[in-house]
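# Results of the structural survey
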Amino acid sequence: MACTRFGTRWRPGFNSGVPQHVVQKLLGHASPHMTSHYAKVHDATIREAFDRYHAQRVNITGQRISYDPDAPTAPAEWVKHNLNRVRDSLPNGYCARPAQQNCPHPNACLTCPDFQTTPVFLQIHRWQAATNRRLIAQADAGGQARLGENLRRVQDSLEAIIPALEALHDDGPSDETR
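Structural notes, computed from the coordinates. (Residues numbered from 1 in each chain as written. Predicted model: local features only at pLDDT ≥ 70, side-chain atom pairs only at ≥ 80, totals over all residues. Heavy atoms only, no water.)

Of all the residues in helix α3 (residues 20–27), the buried ones are V23, Q24 and L27. In a view along the axis of α3, the buried residues occupy a sector of 105°, so they form one face of it. Away from its buried face by more than 90 degrees, α3 exposes H21 and K25. Downstream of α3 by one or two residues, G28 has phi in the positive range, about 75°. (Buried < 20%, exposed > 50% of the residue type's maximum accessible area, 1.4 Å probe, protein only. Helix = DSSP H or I, 4+ residues; strand = E, 2+ residues; numbered from the N terminus. Arc of directions from axis to C-beta.)

Moving on, we get to the nonpolar core. Judged by nonpolar contacts, the single largest core of 13 residues is most densely connected at V58, L110, F115, L158, I161, I162 and L165. Listing elements by their share of this core, those giving two or more residues are α7 (122–141) and α8 (145–171). In terms of residue count, α8 provides more of this core than any other element does, seven residues in total. Formed by seven residues, the second largest nonpolar core is a distinct cluster that contains F50, Y67, W78 and F121. (Core = buried A, V, L, I, M, F, W, Y, C linked by side-chain atoms within 4.5 Å.)

Note that H21 resides in helix α3. We classify H21 as exposed; its relative accessible area is 56%. Expressed as a C-alpha distance, the spacing of H21 and P32, which sit 11 residues apart in the sequence, is 7.0 Å.

If you trace the backbone, L168 turns up in helix α8. Distance from L168 to R64, taken between C-alpha atoms, is 9.2 Å for residues 104 residues apart in sequence. With residues up to four places along the chain from it excluded, the contact list for L168 reads A55, Q56, V58, R64 and P119. (Contact = heavy atoms within 4.5 Å.)

Take the side chain of T117 next. Among the structural elements, T117 can be located in the loop between β3 (115–116) and α7. Engagement of the side chain of T117 in a polar contact is seen with the side chain of H125, the distance being 3.0 Å. Not counting residues up to four positions away in its chain, the partners in contact with T117 are Q56, R57, V58, N92, G93, H125, I161 and L165. (Polar contact = N/O pair within 3.5 Å; in protein donor to acceptor, adjacent residues only side chain to side chain.)

Looking now at the pattern of salt bridges. This structure, assessed with the given rule, holds three salt bridges. For the salt bridge of E166 with R126, the shortest nitrogen-to-oxygen distance reads 3.0 Å. In this pair, E166 is assigned in helix α8 and R126 in helix α7, connecting sequence segments 40 residues apart. Judged by its relative accessible area of 28%, E166 falls in the partly exposed class. Since its relative accessible area comes to 34%, R126 is described here as partly exposed. (Salt bridge = Lys/Arg side-chain N within 4 Å of Asp/Glu carboxyl O.)

What follows is the structure in structure tokens.
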């Protein structure tokens, strides 16, 4: 019963930026699922996290994607994000293609203009760039010119994305989004 009272008192902590894993540890829970019973995250808290996410996006050329949280279209972006993110989460970012459009780039997201990513995926991009360099060397050694060309396009995107994400990571608005 004491845990229940303490957990209930920590509800505001979730909404003032205390990460769930910290509250989980304080409550001595073995799983995040148990801690989630106490978490009642307010819409405003989720929207603030959404706005921070949007402030850190870059595209395949490494350019920041602009976003004005006060723009008249911001609520529509919020709804679109929530619908698409569930459907189109990728291991290294997010697909921003509208839900009603088919993807002409299956398994080639890093060459797709609708691809977006954030500093959360920086390590994955670094790993992918290192792996891709090895694949390019193998393609070149094996005389696979077309494969090498395709891999170089991916590498070009990674070499634009990584420094842009590193700059955002260094200037990041909070530890929560890193």
